[in-house]
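A look at the structure
So the chains spell out like this:
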Amino acid sequence: MDCPACGAATVAFAVPADLREFLPGGDPGAALCAECLRLHPVADPPAEPPAFAAVSDAFPDGEAAVPMALLVGLLDSLARYRAEITALLERVERAGSDPFLVVDRLADDPGIDAATDLRRRRHQLEQLL
Ligand SMILES: [Zn+2]
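The structure presented is a predicted model; accordingly, all values stated were derived computationally and were not measured.

Parameters at a glance
- Numbers given for residues are sequential positions, taken from 1 along each chain in its written order.
- Local features in this predicted model are restricted to residues whose pLDDT is 70 or higher, and side-chain atom pairs enter the listing and the counts only when it is 80 or higher, whereas totals over whole chains, interfaces and linings include all residues.
- By definition, two strands form a pair when at least two bridges between them are found by DSSP.
- Think of it this way: any DSSP run of H or I at least four residues long counts as a helix, any run of E at least two long counts as a strand, and we number them from the N terminus.
- The axes are straight lines fitted to the C-alpha atoms, using for helices just the contacting stretch, and the angles between their N-to-C directions are given from 0 to 180°.
- We call two residues in contact if the C-beta atoms placed from their backbones are at most 7 Å apart.
- Here exposure depends only on C-beta density: within 10 Å of a residue's C-beta, 20 or more other C-beta atoms make it buried, 12 or fewer make it exposed, and intermediate numbers make it partly exposed, the C-beta atoms being placed from the backbone.
- To count as a nonpolar core, a set of buried Ala, Val, Leu, Ile, Met, Phe, Trp, Tyr and Cys residues must be joined through C-beta atoms within 7 Å.

Looking at the sheet that holds strand β3 (residues 39-42)
Pairing within the open sheet is antiparallel, and its 3 strands lie in the order β1-β2-β3. Strand pairing shows two members of the sheet lacking a second neighbour, β1 (10-14) and β3, which therefore form its edges. With direction set aside, neighbouring strand axes in the sheet form an average angle of 25°. Across 4 bridges, strand β2 (residues 29-33) lies against β3 in antiparallel orientation. Directly across from alanine 31, in β3, lies its bridge partner histidine 40. Its contacts with the sheet place helix α1 (residues 65-74) against β1, β2 and β3, and it is angled at close to 65° to β2.

So, α1
Within α1, 10 of the 10 residues are buried, which leaves the element mostly enclosed by the surrounding structure. Of the positions making up α1, those classed as buried are Ala65, Val66, Pro67, Met68, Ala69, Leu70, Leu71, Val72, Gly73 and Leu74. Packed against the buried residues of α1 are β1, β2, β3, α2 (82-94) and α3 (99-108).

Remarks on the nonpolar core
Judged by nonpolar contacts, the single largest core of 34 residues is most densely connected at Leu32, Met68, Ala69, Leu70, Leu71 and Val72. For this core, the elements supplying multiple residues, two or more each, are β1, β2, α1, α2 and α3. Among the elements that take part in this core, α1 stands out by supplying 8 residues, more than any other. Setting aside its immediate chain neighbours within four residues, valine 72 contacts Leu32, Leu37 and Leu106.

Set out below in structure tokens:
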């Protein structure tokens, strides 16, 4: 699907049951826009592992990938999803990735025009911990 907000391509992915509580709406999947980084619910996600490299090569692989995508998607509503974001930061770190470094690299990626101010959000993220 294309992003309903900006029309760019998205990467759809299944959200594992243990991460679904972090996805507003409770759908089994989500799609991350490759350009504005907005997250959209998906009722029928693909079964194959997500190719977040299509969004940015800043994205981690493996276990950290889906929690990082959810985290990025929630950043725009940081105050509202503070508890979810804190839990997701821990999940990404436990999977061996540095979520702050990923946000920095996304902010530096010329292919991304994020809907939220990533640098400001990164600063706010640090205050959460
Ligand atoms: Zn978009």
